[in-house]
Amino acid sequence: MFAPFKKKEKITAEKIIVKSEVRKHISTEQVKIFLDRHENLDWGDVSNADRKMNTFAVQNKQFVISQYTVPTGVLIIKTDGERSKTTVSIQLGKD
């Protein structure tokens, strides 16, 4: 069983990379909102299994992933285990 998060626990990375495709479909302000959710351990639209994996990953300094449904597809935010880099990408929905 996983221990609950400390109330103020966050994940922050030294560098944030926003892929160019994201900038075409989502405003900078929206990206900031989703990054804030990710950093505050709100994983968005992931499965229960992925939530458990993220909980374990935060506690053990492993890679974490969040997914958020947006009008054009799914925004994906990944932070590496070393917390050196967070990458924001988008998987576009089918038209």
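Residues numbered from 1 in each chain as written. Predicted model: local features only at pLDDT ≥ 70, side-chain atom pairs only at ≥ 80, totals over all residues. Heavy atoms only, no water.

Sheet architecture is open: four strands sit in the order E1-E4-E3-E2, paired in mixed fashion. The outermost strands of the open sheet, each flanked by one partner alone, are strand E1 (15-18) and strand E2 (64-70). With direction set aside, neighbouring strand axes in the sheet form an average angle of 20 degrees. Sheet topology places strand E3 (residues 73-79) next to strand E4 (residues 85-92); seven bridges connect them, and they run antiparallel. Note that in E4 the partner of Val-74 across the bridge is Gln-91. Each of E1, E2, E3 and E4 touches helix H2 (residues 28-39); the most contacted strand, E2, lies at about 140 degrees to it. (Pairing = 2+ DSSP bridges. Helix = DSSP H or I, 4+ residues; strand = E, 2+ residues; numbered from the N terminus. Axes fitted to C-alpha atoms, helices over the stretch in contact; angles between N-to-C directions. Contact = heavy atoms within 4.5 Å.)

Before going further, it helps to examine unusual backbone geometry. Its identity is not glycine, yet Leu-41 carries a phi of approximately 70 degrees, on the positive side. Structurally, the position occupied by Leu-41 is in the loop between H2 and helix H3 (48-59). Despite not being glycine, Lys-61 shows a phi value in the positive range, around 55 degrees. Inspection of the secondary structure assignment puts Lys-61 in the loop between H3 and E2. With a relative accessible area of 60%, Lys-61 lands in the exposed category. (Buried < 20%, exposed > 50% of the residue type's maximum accessible area, 1.4 Å probe, protein only.)

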